[in-house]
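Fold and geometry: a report
Next come the chains, spelled out residue by residue.
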Amino acid sequence: MATKTAKPEAVSLPLNEILAGDCIEVMRGLPAGSVDLIFADPPYNLQLRGELHRPDNSRVDAVDDHWDQFASFAAYDRFTRDWLAEAQRILKPNGAIWVIGSYHNIFRVGAALQDQGFWILNDVVWRKANPMPNFRGKRLTNAHETLIWASRSEGAKYTFNYEALKALNEGVQMRSDWVLPICTGSERLKDAAGDKAHPTQKPESLLHRVLVATTNPGDVVLDPFFGTGTTGAVARMLGRSFIGIEREEGYRRIAAERIARVRPYDRSALEITTSKRAEPRVPFGTLVERGMLRPGEVLVSPRGQTAKVRADGTLAADRMTGSIHQVGAHYEGAPSCNGWTYWHFKREGKMVPIDLLRQQIRAEMDRPQAH
């Protein structure tokens, strides 16, 4: 009698939870190919020597926590390689990673990313609108940090909401230098003593831009260095799921309290501007087949040229026939033309672009069908 091999049970993801422990060990317990995006803010390994003071001799609250201290560059590199290996394992094939750092560590992390097989898509300079001055006056003010955005491997697909970023930037293509303020005022979390809860808390504006650019609602975002939970808070607002990993109990508590206060945006507010290339393709002939335009109906260009619709979805114009794009290009004497915006038809005495009919069909395609 033949026996059947039982299928392994799917491991459920701990969505919208903050997991306690070392990031490498915790990631090893997560299933492979299960996460859409990783945002990582690893220890910077600042190598501080002694305390830092302002000109008035007051002490600067710098990063001197034990989690940022490594015995050597070699030790830091081993740590980086280990967590990146797990990050690559748990990313979906079309997943991506963002890593942020300063000059102290970002070049070492970038090399490790490439050695691991990630494919760097962009480096982004976060230029701080309100940086902390250099109190010793011996170097330039550190006014920026660097983010690296990388796909899982060379040639891998990844999410990039280009049109949404362009809309966010008032219709101009988003550049790789972002001017955003550091955490101040009410956004800066404080502990019971009134001190900064975390020395390197990232602003929500930074995570908002990253998640709008490279994720979609419902995606799973992992932050292996969760800290006080900026990634989780913004993910919750934007309708994404998060998984946070944090070994420090104090940070976990503050992050949990912070995220519990977050009110997600309603579904309609989560819709973003999409690329025309991402929308369903609608041939012009579909409009003719469905009777939205009739064979023999006359289309008009912005300059008054005319063409007749034919039964096969082509146009007949002066001395030529062809597609809506070809005939438009002929009239304009141009190598190409977007016929959808070029041609108009008349309804109730008004000229209407044929693209309006295409959008009606697309809206029907997106509408859930009753069963």
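What counts and how
- Residues numbered from 1 in each chain as written.
- Predicted model: local features only at pLDDT ≥ 70, side-chain atom pairs only at ≥ 80, totals over all residues.
- Heavy atoms only, no water.
- Helix = DSSP H or I, 4+ residues; strand = E, 2+ residues; numbered from the N terminus.
- Buried < 20%, exposed > 50% of the residue type's maximum accessible area, 1.4 Å probe, protein only.
- Contact = heavy atoms within 4.5 Å.
- Areas by Shrake-Rupley, 256 points an atom, 1.4 Å probe, with all protein chains shown as cover.
- Core = buried A, V, L, I, M, F, W, Y, C linked by side-chain atoms within 4.5 Å.
- Pairing = 2+ DSSP bridges.
- Polar contact = N/O pair within 3.5 Å; in protein donor to acceptor, adjacent residues only side chain to side chain.
- Axes fitted to C-alpha atoms, helices over the stretch in contact; angles between N-to-C directions.
- Parallel < 35°, antiparallel > 145°, perpendicular 65-115°, else oblique.
- Left-handed = near helix turned anticlockwise from the far one by under 90°.
- Nonpolar A, V, L, I, M, F, W, Y, C, P; charged D, E, K, R; others polar.
- Salt bridge = Lys/Arg side-chain N within 4 Å of Asp/Glu carboxyl O.
- Expected span 1.5 Å × (residues − 1).
- Arc of directions from axis to C-beta.

An unreviewed UniProt entry lists the protein chain under the name Methyltransferase, with Ruixingdingia sedimenti given as the organism.

Some thoughts on the overall build of the protein chain
Secondary structure assignment for the protein chain yields 11 helices and 14 strands. When burial is assessed residue by residue, the protein chain has 44% of its 371 residues classed as buried. At a minimum sequence separation of 6, the contacts of the protein chain that also span at least 24 residues come to 68%. Carbon and sulfur atoms form 50% of the exposed surface of the protein chain, whose accessible area is close to 20,800 Å².

So, the nonpolar core
In terms of nonpolar packing, the biggest core is built from 34 residues, with Trp98, Leu147, Trp178, Leu206, Val210 and Leu211 touching the most fellow members. A total of six residues in this core trace back to one element, the largest contributor, which is helix 5 (residues 204-214). Excluding residues within four positions of it along the chain, Leu147 makes contact with Phe39, Trp98, Val99, Ile100, Asn122, Asp123, Val124, Trp126, Leu206 and Val210. Listed in part, the 30 residues of the second largest apolar core include Met27, Tyr76, Leu113 and Phe225.

Points about the pairing of strand 13 (residues 344-347)
As judged from the four bridges shared by strand 13 and strand 14 (residues 350-353), these two strands associate in the antiparallel manner. Across the sheet, residue Phe345 finds its bridge partner in strand 14, namely Val352.

What about the environment of Tyr44?
Relative to the helices and strands, Tyr44 resides in the loop between strand 2 (35-40) and helix 2 (73-90). Considering only alpha carbons, one finds Tyr44 and Phe70, 26 residues apart in sequence, at a separation of 9.8 Å. Only 3.3 Å separates the side chain of Tyr44 from the side chain of Lys202, close enough to count as a polar contact.

Some remarks on the packing of helix 5 against helix 6 (residues 230-237)
Two packed helices can be described by the angle between their axes and the distance between those axes. With their axes 9 Å apart at the nearest point, helix 5 and helix 6 run at an angle of 55° to one another. One element, helix 5, and the other, helix 6, form an angle in the oblique class. The two elements helix 5 and helix 6 cross, and the hand of that crossing is right-handed. Seen from helix 5, the contacting residues are Glu204, Leu207, His208 and Leu211; seen from helix 6, they are Thr230, Thr231, Ala233, Val234, Ala235 and Met237. Of the residues belonging to the contact of helix 5 with helix 6, the class tally is six nonpolar, three polar and one charged.

A closer look at the sheet that holds strand 5 (residues 144-151)
Strands sit in the order 1-8-7-2-3-5-4-6 across an open sheet of eight strands; the sheet is mixed. Edge positions in the sheet fall to strand 1 (17-20) and strand 6 (177-180), since each has one partner strand and no second. Neighbour-to-neighbour, the strand axes of the sheet open up by a mean angle of 20°, direction not taken into account. In terms of strand pairing, strand 2 meets strand 7 (residues 220-223) through two bridges, oriented parallel.

With respect to the pattern of salt bridges
Inspection of every chain in the model, using the stated rule, returns 14 salt bridges. For Arg108, the salt bridge identified is with Asp77, shortest N-O distance 2.8 Å. Here the residue Arg108 occupies a position in helix 3 (residues 106-116), and Asp77 occupies one in helix 2, the gap between them amounting to 31 residues. Salt-bridge contacts for Arg247 lead to Glu248; the nearest nitrogen and oxygen are separated by 3.5 Å.

Structural notes on helix 7 (residues 249-260)
Along an α-helix, a turn takes 3.6 residues, which lines up residues three or four apart on a common side. The first and last C-alpha atoms of helix 7 sit 17 Å apart over 12 residues, in line with the 16 Å expected at 1.5 Å per residue. For helix 7, the set of buried residues is Tyr251, Arg252, Ile254, Ala255, Arg258 and Ile259. Buried residues of helix 7, viewed axially, fall in a sector of 170°; they line one side. Looking at the buried side of helix 7, the elements it contacts are strand 1, helix 5, helix 6 and strand 8 (241-246).

Comments concerning helix 6
Within helix 6, seven of the eight residues are buried, which leaves the element mostly enclosed by the surrounding structure. Where helix 6 is concerned, the buried positions are Thr230, Thr231, Gly232, Ala233, Val234, Ala235 and Met237. Contacts from the buried residues of helix 6 go to strand 2, helix 5, strand 7, strand 8 and helix 7. In the segment just after helix 6, Gly239 is the residue with positive phi, at about 75°.

Comments concerning unusual backbone geometry
Backbone geometry places Asn16, a non-glycine residue, at a positive phi of 55°. By secondary structure assignment, the location of Asn16 is in the segment before strand 1. A positive phi angle, close to 55°, is found at Glu170, a residue other than glycine. Examined against the element boundaries, Glu170 turns out to sit in the loop between helix 4 (162-168) and strand 6. Under the relative-accessibility criterion, Glu170 is labelled exposed at 77%.

Focus on the environment of Arg310
With respect to the secondary-structure elements, Arg310 resides in the loop between strand 10 (306-309) and strand 11 (315-317). Given a relative accessible area of 34%, Arg310 falls into the partly exposed group. In this structure, the C-alpha to C-alpha distance between Arg310 and Glu297, residues 13 residues apart in sequence, is 8.2 Å. If we skip the residues at most four places from it in the chain, Arg310 touches Val288, Pro295, Leu315, Ala316 and Thr321.

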